[in-house]
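One letter stands for each residue in the lines below.
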Amino acid sequence: MREIWTEKYRPKSLDEVVGQRHITERLKTYVSARNMPHLLLAGSPGTGKTTCSLAIAREMFGDDWKGNFIELNASDERGIDVVRGKIKEFAKVAPLGNAEFKIIFMDEADSLTSDAQAALRRTMEKFSKICRFIFSCNYSSKIIDPIQSRCAIFRFKPLLDDDIRVFLKNIAKSEETSIDDDALEALIYIAKGDMRRAVNSLQVAASLNGGVDVDTVYQTSGMANPDEIRKMLEIALSGDFIGARDKLNEIMIEFGLSGLDIIKQIHTSFFELSIDIRDKVKFMDKTGEIEFRIVEGSNEKIQLESLLAFFVAEGKGMKSGSGTF
C-alpha cells in the first residue's frame, strides 16, 4: 500500500467533514472570528475529532498552519515531564506570521496521567493569549473537571450508515476499485460508525485483488460474516450441540477470531433472531456472564462451548417471536 487512504482522503476543511454538521457549523464561527476557546472533542473513534482539529488550523492559519500547530499523542507522551518540557516550550513562543495564537492538539488526552492533567491547568491559563489547547478523547469522564471547565466541549456521535456509504463510494470511484453492494454493506457493518475503520478495511480488501466482494471484506477485517454467526446460533437453538460446536470451530479457524471476538458478534446477532424478547434477555444475561469469565482468564473454548450448551438446553420449547425462527 503506497499511501494510507485515511490520510489521503482526510477532509482538508470543515465543510468536507462528514456527519458532524452540528459541530462543524459551530467550529466555523471560531474560524470566521479568528478566535476560539480551549476545546475538548469527545466521542467514539473515527468520527472526525482529529480531522476537525487539523481543518481548524488549516483554515485559521493558512500557509502558516504547520508552524502554529503541534500534535501530541498522549498515549506516547503522557507524563508530567512532557507538560513541563515540550508543551510549555511550544506554548511560550510567539505565533508565526499573522496568527493571533498557536494550537496545541492533544490526541487521546484521556491517557494523560492525573499529574500531567493537573500541571496543564496553570499552563492553559498562563499562555492563553498566545496558545489554545484542543483535547481529543474517547472518554471525557477521564479528563479532570478543572480542564473540562476551561474548555468548550463538543461531543462527536458515531457516523450514520448513509454518510459512510457515500464516502466509501467516492473513494472506490477515485481509486477505480469495483465494490458490490453486499461488500459495501459489510464494510458499514464492520465500521459501526467509525469512518477510519471503514476506510482501512476497504483499502486492505482492495489490495488483494481488483474488486471488493463480501467474502474478501470479512476475511481481511478480523470479523466473521454475521450470517455464519447467526447460522451457528440457529443450529444450537434447534438442539444440535455437535453441529453448533463444529460451526464454532469452523468460524474460529477460517476467520482467525478470539473468544472475545466471537462473543461480541454473538451479542449483536441476538437482535436479528426472531425469538421471544424474554428469551433474548435470558441469552443476553448468559452471554455477559461468559464474556466476563473469558476476560478474567478462563479457557475461551470451554466457555464458548458452555454458552452453546446453554443455547441447546434452552432452545427446546421456546416461543418464536415476530417472524420465523
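See above for the structure.
Residues numbered from 1 in each chain as written. Predicted model: local features only at pLDDT ≥ 70, side-chain atom pairs only at ≥ 80, totals over all residues. Heavy atoms only, no water.

J.: Teacher, can you tell me more about the pattern of salt bridges here?
T.: Where charged atoms from two side chains of opposite charge come close, those side chains can pair. What the rule picks out here adds up to 19 salt bridges. Put simply, Arg-122 and Glu-125 hold a salt bridge, and the shortest N to O gap is 3.7 Å. Taken together, the residues Arg-122 and Glu-125, both in helix α5 (residues 114-126) and three residues apart, mark about one turn of the helix. Here Glu-125 falls in the partly exposed class, since its relative accessible area comes to 42%. Put simply, Arg-165 and Asp-162 hold a salt bridge, and the shortest N to O gap is 2.6 Å. Highlighted residues: Arg-165 and Asp-162, both in helix α7 (residues 161-174), separated by three residues, approximately one helical turn. (Salt bridge = Lys/Arg side-chain N within 4 Å of Asp/Glu carboxyl O. Helix = DSSP H or I, 4+ residues; strand = E, 2+ residues; numbered from the N terminus. Buried < 20%, exposed > 50% of the residue type's maximum accessible area, 1.4 Å probe, protein only.)

J.: Would you explain the packing of helix α11 (residues 226-237) against helix α15 (residues 300-315) in this entry?
T.: What describes two packed helices is the angle between their axes and the distance between those same axes. Put simply, α11 and α15 touch, their axes get as near as 7 Å, and they point 50° apart. For the element pair α11 / α15, the angle class is oblique. Contacts between α11 and α15 involve Met-232, Leu-233, Ala-236 and Leu-237 from the former and Leu-308, Phe-311, Val-312 and Gly-315 from the latter. By residue class, the composition of the contact of α11 with α15 is seven nonpolar, one polar and no charged. (Axes fitted to C-alpha atoms, helices over the stretch in contact; angles between N-to-C directions. Parallel < 35°, antiparallel > 145°, perpendicular 65-115°, else oblique. Contact = heavy atoms within 4.5 Å. Nonpolar A, V, L, I, M, F, W, Y, C, P; charged D, E, K, R; others polar.)

J.: Looking at this model, I keep getting lost on the nonpolar core. Mind explaining?
T.: In globular proteins that are soluble, nonpolar side chains generally tend to be buried together. Counting 51 residues, the largest nonpolar core has Ile-164, Leu-168, Val-217, Ile-251, Ile-262, Ile-266 and Phe-311 as the members making the most contacts within it. Looking at which element gives the most residues to this core, the answer is helix α8 (residues 181-191), with eight residues. When sequence neighbours within four positions are dropped, the list of residues in contact with Ile-164 reads Leu-159, Ile-188, Ala-191, Gly-193, Asp-194, Met-195 and Ala-198. Of all hydrophobic cores here, the second largest spans 25 residues; its members include Val-17, Leu-39, Met-60 and Phe-69. (Core = buried A, V, L, I, M, F, W, Y, C linked by side-chain atoms within 4.5 Å.)

J.: Please clarify how the packing of α11 against helix α13 (residues 259-269) should be interpreted in this entry.
T.: Remark: α11 packs on α13, axes separated minimally by 10 Å, with the N-to-C direction vectors making an angle of 80°. With respect to their mutual orientation, α11 and α13 come out roughly perpendicular. Contacts between α11 and α13 involve Pro-226, Ile-229, Arg-230, Met-232 and Leu-233 from the former and Ile-262, Gln-265, Ile-266 and Ser-269 from the latter. Along the lines of polarity and charge, the residues of the contact of α11 with α13 split into six nonpolar, two polar and one charged.

J.: Is there a simple way to explain the sheet that holds strand β4 (residues 131-137) in this structure?
T.: Where strands meet in a sheet, backbone hydrogen bonds hold them as pairs that are either parallel or antiparallel. One open sheet accounts for five strands, arranged β2-β3-β4-β1-β5; its pairing is parallel. The open sheet has two edge strands with one neighbour each: β2 (69-73) and β5 (151-156). Recorded for the sheet is a direction-independent mean angle of 15° between the axes of neighbouring strands. As paired elements, β2 and strand β3 (residues 102-107) share five bridges and run parallel to each other. Each residue of the ladder has a partner; that of Phe-69, found in β3, is Ile-103. Across the face of the sheet, helix α2 (residues 21-33) comes into contact with β1 (38-43) and β5 while running at roughly 150° to β5. Against the sheet, α5 contacts β1, β4 and β5, and its axis sits at roughly 145° relative to β4. (Pairing = 2+ DSSP bridges.)

J.: I keep staring at the packing of aromatic side chains and nothing clicks. Help me out?
T.: Two numbers describe a pair of aromatic rings. These are the distance of the centres and the angle of the planes. Tallied over the entire structure, the rule returns ten aromatic pairs. Measuring from centroid to centroid gives 5.8 Å for Phe-270 and Phe-311, while their planes differ by 90°, and the two rings are edge-to-face. Of this pair, Phe-270 sits in the loop between α13 and α14 (277-295) while Phe-311 sits in helix α15, placing them 41 residues apart in sequence. Under the relative-accessibility criterion, Phe-270 is labelled buried at 1%. Phe-311 sits in the buried class, given a relative accessible area of 1%. Of the aromatic side chains, those joined through ring pairs into one cluster are Phe-270, Phe-283, Phe-310 and Phe-311. Stacked on the ring of Phe-90, the Lys or Arg Lys-102 has its end atom at 3.9 Å from the ring centre. (Phe/Tyr/Trp six-rings, centres within 6.5 Å; stacked < 30°, edge-to-face > 60°. Lys NZ or Arg CZ within 6 Å of the ring centre and 35° of its normal.)

J.: Would you mind showing me how to read α11 here?
T.: If you check α11, its first and last C-alpha atoms are 17 Å apart, about what twelve residues at 1.5 Å a residue would give, namely 16 Å. What α11 keeps buried is the set Pro-226, Glu-228, Ile-229, Arg-230, Met-232, Leu-233, Ala-236 and Leu-237. N-cap assignment for α11: the residue whose side-chain oxygen lies 2.9 Å from the backbone N of Asp-227 is Asn-225. One or two residues past the end of α11 sits Gly-239, with phi positive at roughly 105°. (Expected span 1.5 Å × (residues − 1). Polar contact = N/O pair within 3.5 Å; in protein donor to acceptor, adjacent residues only side chain to side chain.)

J.: Sorry, what's going on with the environment of Thr-6 here?
T.: You can see Thr-6 is positioned in helix α1 (residues 5-8). Residue Thr-6 is classed as buried on the basis of its relative accessible area of 16%. On a C-alpha basis, the gap between Thr-6 and Asn-200 in space is 6.8 Å, while along the polypeptide they are 194 residues apart. Not counting chain neighbours up to four residues away, the residues in contact with Thr-6 comprise Arg-196, Val-199 and Asn-200.

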